[in-house]
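Residue-level structure breakdown
So you can see what is in the structure, the chains are spelled out below.
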Amino acid sequence: MPLAQQAGILCNDPRFQRFAAMRCGLPGKQFTTSAAAQYLRDCCQIASRKLLNTNTDAQTKLAALRTDFDAWTGKIATPR
């Protein structure tokens, strides 16, 4: 599945929406899907999620963001 599509699914995840809000200084809140998408674009420094399919810098940033999110959800151990 292309990274842009994976990112779209991620932004629809209520857990990611809470994670994004928390990372923006809003603990206990939940972003909308569009706010979560904007957070992801800001973190990856891209104007469109489509760029994730071709921009290697954005792909690296998305991988780091996913690692942080997976650690936050308890899916993986907290990275050092």
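How each quantity is defined
- Numbers given to residues run from 1 along each chain, matching the order in which its sequence is written.
- Local features in a predicted model are, by the rule used here, given only for residues with pLDDT of at least 70; side-chain atom pairs are given and counted only at 80 or more, and totals for whole chains, interfaces and linings are based on all residues.
- Neither water nor hydrogens contribute to the side-chain values; these are computed over all heavy atoms in the structure.
- Working definition: helices are DSSP H or I runs of at least four residues, strands are E runs of at least two. Numbering for both runs from the N terminus.
- The quantity called the radius of gyration is restricted to C-alpha atoms. Its globule counterpart is 2.2 Å times the number of residues to the power 0.38.
- A 1.4 Å probe rolled over the protein chains alone gives each residue an accessible area, and that area as a share of the maximum for its type sets the label: buried under 20%, exposed over 50%, partly exposed in between.
- Between two residues, a contact is recorded if the distance between any of their heavy atoms is within 4.5 Å.
- For the charge count, each Lys or Arg is scored as positive and each Asp or Glu as negative, with His and the chain ends excluded.
- The atoms used to mark charge sites are NZ of Lys, CZ of Arg, CG of Asp and CD of Glu.
- Angular values range over 0 to 180 degrees, each being the angle between N-to-C directions of two axes fitted as lines to C-alpha atoms, with helices fitted over their stretch in contact.
- When describing relative orientation, an angle under 35 degrees is termed roughly parallel and one over 145 degrees roughly antiparallel, while 65 to 115 degrees is termed roughly perpendicular and anything else oblique.
- By definition, any crossing whose near helix is turned counterclockwise from its far helix by less than a right angle is left-handed, and any crossing with a clockwise turn is right-handed.

1. Here's the deal with the overall build of the chain
- A count of helical and extended segments in the chain gives four helices and zero strands.
- Reading the helices (α) and strands (β) of the chain from amino to carboxyl end gives α-α-α-α.
- What you see for the chain is a C-alpha radius of gyration of 12 Å, in line with the 12 Å of a compact globule of 80 residues.
- Judged by the C-alpha coordinates and their principal axes, the chain covers about 35 × 30 × 20 Å.
- Of all 80 residues assigned to the chain, the portion counted as buried reaches 32%.
- Put simply, of all contacts in the chain between residues at least 6 apart along the chain, 40% involve residues at least 24 apart.
- Each charge class in the chain was averaged separately, 11 positive and 5 negative side chains, and the resulting centres sit 4 Å apart.

2. Some words on the packing of helix α3 (residues 33-44) against helix α4 (residues 56-73)
- Between α3 and α4, the least distance of the axes is 8 Å, while the angle of their chain directions is 120°. In terms of axis orientation, α3 runs oblique to α4. As α3 packs across α4, the resulting crossing turns out to be right-handed. Mapping the contact onto sequence places Tyr39, Leu40, Cys43 and Cys44 in α3 and Ala58, Lys61, Leu62 and Leu65 in α4.

Functional significance is not addressed by these values, which are geometric in nature.
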